[in-house]
Amino acid sequence: MRTIYVPALLTGIENVVRRCIIPGNKFGLYKDKYDVSWFTEKAIFTHPHLLISYYYSGRFDNYKKELRIKDNITLWADSGGYSIATQGAKIDPHKVLKWQEQNSDIAFTLDYPPVKVTAVGRVSPGKNERITPEEFEQSAEKTRRNNLIFYNNRTNDKLKIYNIIHGYDIKSYDLWWDYTAKDMNFDGYGTGMKPTSDCLLQALSIMYLWNKGVRKRIHLLGVSGIIVIPVLVWASQYIDKISFDSTSYGYGSRTRAYVYPNRIRYYTHFGKKYITKNKPIEKITCNCPICKDFDDPSYFIGGGTTMPGMLLSLHNLWAVKQYVELLDHAINIEKDKNKFFQLIKQHTGNRAHEAMHAINFIEDVIKNGLQKTYDIYFSTHNFDKQKFKPKILI
């Protein structure tokens, strides 16, 4: 699979996975046998990627041993930069780098995100507000200092380090690039624009780096919208090892949300706290490793334990994993563009044109160059989306 889905580990799941192996403890074990993970020997199923944050998990000196992470799992380690913006965290870049080298396979540099964030949570991303141009440049300058620490003090050649690139448009991307990347070569790049659900902005993030000569290892930060994923899969034809992370699967634990596996744009909520407009599920027909044990949804409605919600989170993770693999197989293995577009329409419905528009942008950048294409597409973007009808590639 050329497009890499990296689920970010939630603190609640991390705590349960750690506790469930205590002798005599059965809390957190499904059927007294499986834990609620995708990365241990006790997992119900395996997914080969996992993202953690130094800010939350850096207290463990040997993280892989603490969480019993299998050797064939790629562990991605975020530096905690987002926590600087959201929680005012004070993080030492030297300590971050040392911990990442000891515990992870892929790591991100410690950035100072150029945003103000309010009402944030581990699952809910909160509200992002842009800062002034002066503050933006200050963030880039602070990030450069950290990058130099990472660049000059790394000792583990096996660790892949990704440089974080921020921007609102080409001009701001250029400024950030000149400060943080122009004279430093890292193994990959992490990027992404707000809002993360905007297909065209994510396409711009990718193609800006492509225009700089980057042809492998681009990671989209916190991006997993069903209309954005097809754009990333399409870009994987031009960028090797393109990847993205997300905590959205965790709504299973938080709200008992259940994603319909064959129509991923639809979901419902089990339980009484959250109500959706969709008709309640009377019988579960999904055959994923979690749902195959159930046909009656009443188990997921019951209260008094965290297990149903955590199993729903694993189901949601599996659904996203299958969605990515389905799209990836169509475009990279079968190389059938018509089938790829049909899958987009099937899963995203009347929002398919947003993904198509971003895909057209990618193709036009390759054909006509970044600046010329940017001027055309962004002259209409965010003005009147309802009236603007993009062309469709068939």
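Residues numbered from 1 in each chain as written. Predicted model: local features only at pLDDT ≥ 70, side-chain atom pairs only at ≥ 80, totals over all residues. Heavy atoms only, no water.

## Quick word on the overall build of the protein
Secondary structure summary: the protein contains 15 helices and 14 strands in total. Expressed as a percentage of the 394 residues in the protein, the buried residues total 53%. At a minimum sequence separation of 6, the contacts of the protein that also span at least 24 residues come to 70%. (Helix = DSSP H or I, 4+ residues; strand = E, 2+ residues; numbered from the N terminus. Buried < 20%, exposed > 50% of the residue type's maximum accessible area, 1.4 Å probe, protein only. Contact = heavy atoms within 4.5 Å.)

## Some remarks on unusual backbone geometry
For the peptide bond that leads from lysine 194 to proline 195, omega is 0°, which places it in the cis range. Of note, proline 195 is situated in the loop between strand S10 (188–191) and helix H8 (199–211). For aspartate 32, which is not glycine, the phi torsion reads 60° and is therefore positive. A relative accessible area of 48% means that aspartate 32 is categorised as partly exposed. Its identity as a non-glycine residue notwithstanding, arginine 256 has a phi of 60°, on the positive side. Relative to the assigned elements, arginine 256 resides in the loop between helix H10 (251–255) and strand S13 (257–259).

## Structural notes on the nonpolar core
One finds Phe340 and Phe361 to be the most contacted residues of the largest nonpolar core, which totals 114 residues. The element best represented in this core is helix H12 (residues 307–333), accounting for 13 residues. Non-local contacts of phenylalanine 361, meaning those with residues more than four positions away in its chain, are made with Leu200, Ala203, Leu204, Met207, Leu370, Thr373, Tyr374, Tyr377 and Phe378. Leu51, Ile106, Phe108 and Ile164 belong to the second-largest nonpolar core, a separate cluster that totals nine residues. (Core = buried A, V, L, I, M, F, W, Y, C linked by side-chain atoms within 4.5 Å.)

## Considerations on the packing of helix H6 (residues 133–153) against helix H7 (residues 170–180)
Remark: H6 packs on H7, axes separated minimally by 8 Å, with the N-to-C direction vectors making an angle of 30°. Considered as vectors, H6 and H7 are oriented roughly parallel to each other. Both H6 and H7 take part in a crossing whose hand is right-handed. Between H6 and H7, the residues in contact are Phe136, Glu137, Ser139, Ala140, Glu141, Thr143, Arg144 and Asn147 and Ser172, Leu175, Trp176, Tyr179 and Thr180, respectively. Considering only residue class, the contact of H6 with H7 consists of five nonpolar, five polar and three charged. (Axes fitted to C-alpha atoms, helices over the stretch in contact; angles between N-to-C directions. Parallel < 35°, antiparallel > 145°, perpendicular 65-115°, else oblique. Left-handed = near helix turned anticlockwise from the far one by under 90°. Nonpolar A, V, L, I, M, F, W, Y, C, P; charged D, E, K, R; others polar.)

Keep in mind these values describe shape, not function.
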